[in-house]
Amino acid sequence: SAMAMKPATPKASPVRAFLNDRCEVGPQYSIGVTQIWDMWCEWSRANGREPGVSTWFGRDLRAALPALAVRRVERSGAKRVRTYIGVGEALDLPA
């Protein structure tokens, strides 16, 4: 049942659900901090939630993924962008 799938940590559960729905996790993945925040806002509103504040999202994301790192990475010759290493956008999303 759907109830059995709920994570045990209520505070992190929306972030964990977001990670399950929209992201891939592992050291080979990376995503811009702004890009994942935008994804979170879209996902939250689609699920009837207020996204909250980006600093809280970052804290909850790091709580859900302790191995997550933040680096400044050069993106396609542009300026260095704050990037999470260890999470990325899932490309094979169900229609």
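Residues numbered from 1 in each chain as written. Predicted model: local features only at pLDDT ≥ 70, side-chain atom pairs only at ≥ 80, totals over all residues. Heavy atoms only, no water.

Student: Which parts of the structure should I look at to understand the overall build of the protein chain?
Tutor: Scanning the protein chain from terminus to terminus reveals three helices and three strands. Counting helices and strands in the order they occur from the N terminus, the protein chain gives α-β-α-α-β-β. Here the protein chain holds 95 residues, and 35% of them are scored as buried. Taking the intrachain contacts of the protein chain between residues at least 6 apart in sequence as the baseline, contacts between residues at least 24 apart amount to 55%. Surface exposure of the protein chain reaches about 6,400 Å², of which carbon and sulfur atoms provide 53%. (Helix = DSSP H or I, 4+ residues; strand = E, 2+ residues; numbered from the N terminus. Buried < 20%, exposed > 50% of the residue type's maximum accessible area, 1.4 Å probe, protein only. Contact = heavy atoms within 4.5 Å. Areas by Shrake-Rupley, 256 points an atom, 1.4 Å probe, with all protein chains shown as cover.)

Student: How should I be thinking about the side chain of Ser44 in this particular structure?
Tutor: Assignment of secondary structure puts Ser44 in helix α2 (residues 33-46). Here Ser44 falls in the buried class, since its relative accessible area comes to 0%. Ignoring any residue separated from it by four or fewer positions in sequence, one finds Ser44 in contact with Arg49, Glu50 and Pro51.

Student: Looking at this model, I keep getting lost on the packing of aromatic side chains. Mind explaining?
Tutor: Here the distance between the centres and the angle between the planes together describe a pair of aromatic rings. One pass over the structure, following the stated rule, counts six aromatic pairs. Ring geometry for Phe18 and Trp40: centres 5.4 Å apart, planes at 85°, overall edge-to-face. With Phe18 in helix α1 (residues 13-22) and Trp40 in helix α2, this residue pair connects regions lying 22 residues apart in the sequence. The exposure class of Phe18 is buried, given its relative accessible area of 0%. Ring plane angle 55° and centroid distance 5.9 Å describe the contact between Trp37 and Phe57, whose orientation is recorded as tilted. Of this pair, Trp37 sits in helix α2 while Phe57 is found in helix α3 (residues 54-64), placing the two residues 20 residues apart along the sequence. (Phe/Tyr/Trp six-rings, centres within 6.5 Å; stacked < 30°, edge-to-face > 60°.)

Student: Can you help me understand the nonpolar core in this one?
Tutor: One recurring pattern in soluble globular proteins is that nonpolar side chains are buried together. Counting residues in each nonpolar core, the largest one holds 19 residues, and the members touching the most others are Phe18, Leu19, Ile36, Phe57, Leu61, Tyr84 and Val87. Of all the elements in the fold, those that place two or more residues in this core are α1, β1 (23-32), α2, α3 and β3 (80-89). With seven residues, the single largest contributor to this core is α2. Dropping the residues within four chain positions of it, Phe18 is found in contact with Cys23, Ile36, Met39, Trp40, Trp43 and Phe57. (Core = buried A, V, L, I, M, F, W, Y, C linked by side-chain atoms within 4.5 Å.)

Student: What exactly am I supposed to notice about the sheet that holds β1 here?
Tutor: Whether parallel or antiparallel, the strands of a sheet pair through hydrogen bonds between backbone atoms. Taken together, three strands build an open sheet; the order of strands is β1-β3-β2 and the sheet is antiparallel. For this open sheet the edge positions go to β1 and β2 (69-74), each flanked by a neighbour on one side alone. The sheet shows a mean angle of 40° between the axes of neighbouring strands, taken without regard to direction. In this fold α2 packs onto β1, β2 and β3, with an angle of close to 100° to the strand it touches most, β1. (Pairing = 2+ DSSP bridges. Axes fitted to C-alpha atoms, helices over the stretch in contact; angles between N-to-C directions.)

Student: How should I be thinking about the pattern of salt bridges in this particular structure?
Tutor: A side chain with one charge can pair with a side chain of the opposite charge if their charged atoms come near. In total, this model carries three salt bridges according to the counting rule given. Among the salt bridges present, the one from Glu89 reaches Arg22, with a minimum N-O distance of 3.8 Å. Here Arg22 lies in helix α1 and Glu89 lies in strand β3, a separation of 67 residues in the sequence. Glu89 sits in the partly exposed class, given a relative accessible area of 29%. (Salt bridge = Lys/Arg side-chain N within 4 Å of Asp/Glu carboxyl O.)

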